[in-house]
Amino acid sequence: MPVSWPARVTAASSGSREGAVLGELPPGSEASTVPPAASGDSDPCPTLKPGAKSNCIIVSARQRGNPILKFVRNIPWEFGEIVPDYVLGQSTCALFLSLRYHNLNPNYIHERLQLLGKTYAVQVLLVQVDVKDPHQALKELAKMCILADCTLILAWSPEEAGRYLETYKAYEQKPADLLKEKVDQDFLSIVTDCLTSVKSVNKTDALSLLSTFGVSHLLPIRVQTGPCHC
Amino acid sequence: MRCSARPGSATAAGLSAPPVMAAPLEHENQVFLDLFHQDGLVICARGLGIDRILLRFLRLYCEPASLVLVLNTSPAEEEYFIDQLRSDGVVHLPRRVTNEITSNCRYEVYTQGGVLFATSRILVVDFLTDRIPSNLITGILVYKAHRIIESCQEAFILRLFRQKNKNGFIKAFTDNAIAFHTGFCHVERVMRNLFVRKLYLWPRFHIAVNSFLEKHKPEVVEIHVSMTPAMLTIQTSILDILNVCLRELKRYNPALEVEDLSLENAIGKPFDKTIRHYLDPLWHQLGAKTKSLVQDLKILRTLLQYLTQYDCVTFLNLVESLKATEKAFGQNSGWLFLDSSTSMFVNARARVYRISDDKISKKSKVSEKMDIKERKELKRELVLESNPKWEALREVLKEIESENKNSEDLGGPGQVLICASDDRTCAQLREYIIAGAEALLMRLYNKTFGKDERAGEEWIKDRKAVKSKGNARSDKGPQAKKAKVEASSKQNKIMKKQDLTLTQMMGKTEEENIEEEMEGYKELSSSEEISIEETKPEDFHLNLASDAYYGIFKTPLTIIHPLQGCSDPYALTRVLHEVEPRYVVLYDAELTFVRQLEIYKASKPGKPLRVYFLIYGGSTEEQRYLTVLRKEKEAFEKLIREKASMVIPEEREGRDETNLDLVRDSTSATVSTDTRKAGGQEQKSVQQTIIVDMREFRSELPSLIHRRGIDIEPVTLEVGDYILTPDICIERKSISDLIGSLNNGRLYSQCISMSRYYKRPILLIEFDPSKSFSLTSRGSLHQEISSNDITSKLTLLTLHFPRLRILWCPSPHATAELFEELKQNRSQPDAAIAMAITADSEIVPESDKYNPGSKDFLLKIPGVNAKNCHVLMNHIKSISELVTLSQDKLSEILGNAVNAKQLYDFIHKSYAEAISQGKTKR
């Protein structure tokens, strides 16, 4: 079973049959022969390569019926023929794994990771913790992620998992300002903050320097401490 | 007699009195000798003087020839012990090893010997780096030993000590028997961590203790005060509601099949802890209903406590504010709508005022007693019921006073110590004794319900009129009622007959009693005015060790002291020994202090001590006290049974090589893996090492890593917390740390430097094993993506640091295991290299072709952002070139006129301009 959540196995008969058909095909190849079943995407969806731009989250057909898709509400999504489960941006992708499924099919995720290789800069392994005692499995997954260069993200509910997918897509272009230390937006604070990024300068130094020189004279002090490798 | 023996004022005599330890008590001698001859864990009843026993050991080892470490003491306790030893005349006083002593000097301090109180974190590091001469240590004394669980710092210290020193002693002390009541084989596990074989139990009912204290019994007067009918009704209502809430809680959580959730436990203080203990691991799965029930139980307990502890106005204020919050926020789990809660509200109000409407006043039982004839026009008529205990306290003080008058044969008037549970009660009591109940209640009333001042004035006028008439019959104040209540209680023989004077009083008829009360009252109220004038500047300062006391009279010295809430836990003990009271009034009963009084009495034989116990008969207060007593007794009984059936291996003390706890896993692990790994092919025995940042020794993780057979190198790291291999650098964050450092930007800069200097930067998110293993709680997810959510920030972090790996560990144990596995077949880190890596060092890893320092610098300048930074760096050779560029050129490079203008303006702004701008802004 290629589906990565057990609910799918016991789902409606049509769904599971389709899943079985899909499972016999190597994901990504010969994809065009499978008719798109979802009503939402009637136009033939392009086979997306990493690097292609899109406003939507691209969802692999093997994720059809995954309950977390119900919780991707703030960002549009569409099915597409892709190697990972979700493409969340030009250089971001995600594989989804339910721990309950992982416990039944421990080899599944190995194969998926091997298939994926290292095509994307950020490869998220989104794990839904839905078993009672997840610790052993999580330890194995943690080691696997370090070997396979994946970012391990845990979610404890489909809502949370869906929210992670949304957030990855929504924050694709977001600068890191949110994570940085807040600096007052007046001139002096900025200059001080800027100058103190040079290790040998502290706050008082910065102010006294500034009162003696203008900014245009000050900036080149950087040159002495370390030249640009431009 | 005391005065003749020791000239000078009473206080001075108290100060120069010989220290506590002057006369060792019989049972203490035995405890001391037992423990001296064989190492062990002493569990002693609360208040029975575990500190005195530790003190004796400290005194024994206060000499340069021995080196004894004391673990688990708080700074206040250390100070107390040092003070006591100083007054004992000990020359080589214990010293404290804290971070104030630099690491270089510490070896010297250790070699000087004596007793050392050391911070656990420092000791761990010193043991690991061999800065402490382990072979020279005489032994270790462990205070509060019930806290020594496997993963804690102190257990780690003891293990390191036993590995390196087989001869030193380990002696452990605790007075918290109840702590051993929980969990499976708790005491055995603690003893295993302590490496001791002997368990010494000293409950209060131990034959030696009991018979000894029996000989030196203080004179005890138990006064069971009965609550007013209104108070009783309120108490019944609250208990009803509590019961309902508990039932609901059980209904919503069928998993909570525990006997701990009984009504009796629910009124006790540790109940919150118990319930959190059960619910914390599944907190994220609980519904809102359960959470609010837990909250309500807490509120109801506070209500119960306020009812007996404080006056009627304070109680009403609390009740009214509860109702107001409910209206304002609409949050309550329904108990406010129960019948019982209505009756609680009605009675709470009836204790303070009544609305002069016959229908309503009939409802409240208090007002039935009063005849309401006058002041129909007033809306609120103040009742201001005073606390029955206050009245009892006044009587006790009167009795003491009269006894002090003819106390020549006892050597002058005896001093009085009144103990109440907290500061607020103490302040109230003082005001009551000095100013009287009316004034106190009036002040409180005006403070809380100030708007209705007219009623207050009326009330005072009325009271004054009554007083001047001197007509006891028409007095409708609380005093009259109190007298009745008390009289009736005497009839019911609720009062105990232990005291002579009380029995005498009981012989009198009811009417006489009332008359006497009234007379007494009048006397008091007249003397009150005098005393107010006299003691107006009553803020006199005594030369006492504690600053938490409230003085009342100077001769004979009468002071009130809180039982809890002092900054110094020994404040009351010090006061007790300095004041040396002949009379102690326990306004609130507390087990520890009661026992302390017994010990105090026994250590000063021949000195009279009378203890008055004030307690509300049949109240939750009494029940709480009895529950604590029973719990401790049960805990000891369980310990005795466990001790009888305990199996202790010979090698427990770890003095030879056979104790398995001291064997670190690595050696045994290689043996077992050999067979598993295809005949045990290579297994080179390379000692595994992890470099750990000094600051990390506050957590339990280093101890667990060490336990697994991995060596730990404590160094000060500027980048990362743990270095597993030359490539892997780990930053450990607990959940609260994670949230904090994501918000304040620290994690971002940590990630920058980690990914700059290490190939595999890793963020380790460590969960608390006793809390739920989940990042967000159920139902806390918003509809929209919010940038404030921790999940959003984590997402953003991983997007910006593609190489950053995340580990999610449910407990430190799991983390240690994972560390070991991550290290397998990888080379060992080098401490020198790891230490050399600071944010300053200019190691440029191959991945980044730009100078990271310059990039940081540019990014700080307005107009430059992550997107255009690289473009800019590609176009200019150095920052000095940037300064020379024109604004047009800049906008060409950046491709954005706004950014270019910002950048240009910033570079070419002069300091003067900036200052003037800043000023106008302000």
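Everything quoted here is computed from the prediction, not taken from an experiment.

About the criteria used
Each chain has its residues counted from 1, following the order in which its sequence is written. All chains are assigned letters beginning at A, and all ligands numbers beginning at 1, according to the order in which they are written. This being a predicted model, a pLDDT of at least 70 is required before a residue's local features are given, and a value of 80 or more before pairs of side-chain atoms are given or counted; all residues contribute to the totals for chains, interfaces and linings. Hydrogens are left out, water is left out, and the side-chain values use all remaining heavy atoms of the structure. What is meant by a nonpolar core is a set of buried Ala, Val, Leu, Ile, Met, Phe, Trp, Tyr and Cys residues, joined one to another through side-chain atoms within 4.5 Å. Relative accessibility under 20% of the residue-type maximum defines a buried residue, over 50% an exposed one, and the middle range a partly exposed one, all with a 1.4 Å probe and only protein chains included. Where helices and strands are cited, they refer to DSSP runs of H or I of at least four residues and of E of at least two residues respectively, numbered from the N terminus. The criterion used for residue contact is that any of the two residues' heavy atoms lie within 4.5 Å. The salt bridge definition used is simple: a Lys or Arg side-chain nitrogen within 4 Å of an Asp or Glu carboxyl oxygen. Two strands qualify as a pair provided DSSP detects at least 2 bridges between them. UniProt positions are given in the numbering used here, feature names are shortened, and annotations may be inferred rather than shown by experiment. As a per-residue quantity, pLDDT reports the predictor's confidence and falls between 0 and 100. To get an axis, a line is fitted to the C-alpha atoms, and for a helix only the part in contact is used. The angle between two axes follows their N-to-C directions and goes from 0 to 180 degrees.

Q: Honestly, the nonpolar core in this entry has me stumped. Any pointers?
A: Nonpolar side chains in soluble globular proteins generally cluster together in the buried interior. In this structure, Leu41(B) and Trp808(B) are the most contacted members of the largest nonpolar core, which totals 188 residues. Looking at this core element by element, the count peaks at eight residues for helix α5 (residues 135-148) of chain A. Excluding residues that lie within four positions of it along the chain, Trp808(B) makes contacts with Leu152(A), Ile153(A), Leu154(A), Trp156(A), Tyr164(A), Ile765(B), Phe767(B), Leu775(B) and Leu794(B). Grouped together as the second largest cluster of nonpolar side chains are 72 residues, Leu293(B), Leu303(B), Val313(B) and Tyr612(B) included.

Q: Before we go on, may I ask you to explain the pattern of salt bridges in this structure?
A: A pair can form between side chains of opposite charge whenever their charged atoms are brought close. Residue and element names in this part refer to chain B. Tallied over the entire structure, the rule returns 45 salt bridges over all chains. Between Arg96 and Glu79 there is a salt bridge, and its shortest N-O distance comes to 3.8 Å. Of this pair, Arg96 sits in strand β3 (residues 95-97) while Glu79 is found in helix α5 (residues 75-87), placing the two residues 17 residues apart along the sequence. Arg96 sits in the partly exposed class, given a relative accessible area of 31%. With a shortest N-O distance of 3.0 Å, Glu248 and Arg251 are connected by a salt bridge.

Q: What exactly am I supposed to notice about the pairing of strand β19 (residues 728-734) of chain B here?
A: Taken residue by residue, a regular strand's side chains alternate between the two faces of the sheet. Residues and elements named next belong to chain B. Counting buried positions along β19 gives six out of seven residues, so the element sits mostly inside the fold. The pairing of strand β18 (residues 722-723) with β19 spans two bridges and is antiparallel. Its bridge partner lying in β19, Tyr722 is registered against Ile730. Between the end of β18 and the start of β19, which pair antiparallel, lie four residues. Bridging between β19 and strand β20 (residues 760-766) involves seven bridges; their strand directions are parallel. From the neighbouring strand, Ile730 faces β20, where its bridge partner is Ile762.

Q: What's the story with the UniProt feature "domain: ERCC4" (unreviewed entry) in chain B in this structure? I'm lost.
A: As annotated in UniProt, the feature "domain: ERCC4" (unreviewed entry) corresponds to residues 689-769 of chain B in the numbering used here. This span, residues 689-769 of chain B, is 36% helix and 32% strand, and a straight line between its end C-alpha atoms measures 26 Å.

Q: Would you take a moment to explain the confidence of the model for chain B for this structure?
A: In this model, chain B carries a mean pLDDT of 75, and residues with pLDDT of at least 70 account for 75%. Overall fold confidence for the complex sits at a pTM of 0.70, while the interface term, ipTM, reaches 0.72.

Q: What's the story with the sheet that holds strand β1 (residues 57-60) of chain A in this structure? I'm lost.
A: Strand pairing in a sheet takes place through backbone hydrogen bonds and is either antiparallel or parallel in direction. Residues and elements named next belong to chain A. The strand order across the open sheet formed by six strands is β2-β1-β3-β4-β5-β6, and the pairing between neighbours is mixed. Lying at the two open borders of the sheet, with one neighbouring strand each, are β2 (77-80) and β6 (151-155). For this sheet, the mean angle separating the axes of adjacent strands, direction not counted, is 30°. Alignment of strand β4 (residues 92-98) against strand β5 (residues 122-128), held across seven bridges, turns out to be parallel. In the strand pairing of β5, Leu95 is matched with Leu125. Across the face of the sheet, helix α4 (residues 108-116) comes into contact with β4 and β5 while running at roughly 170° to β4.

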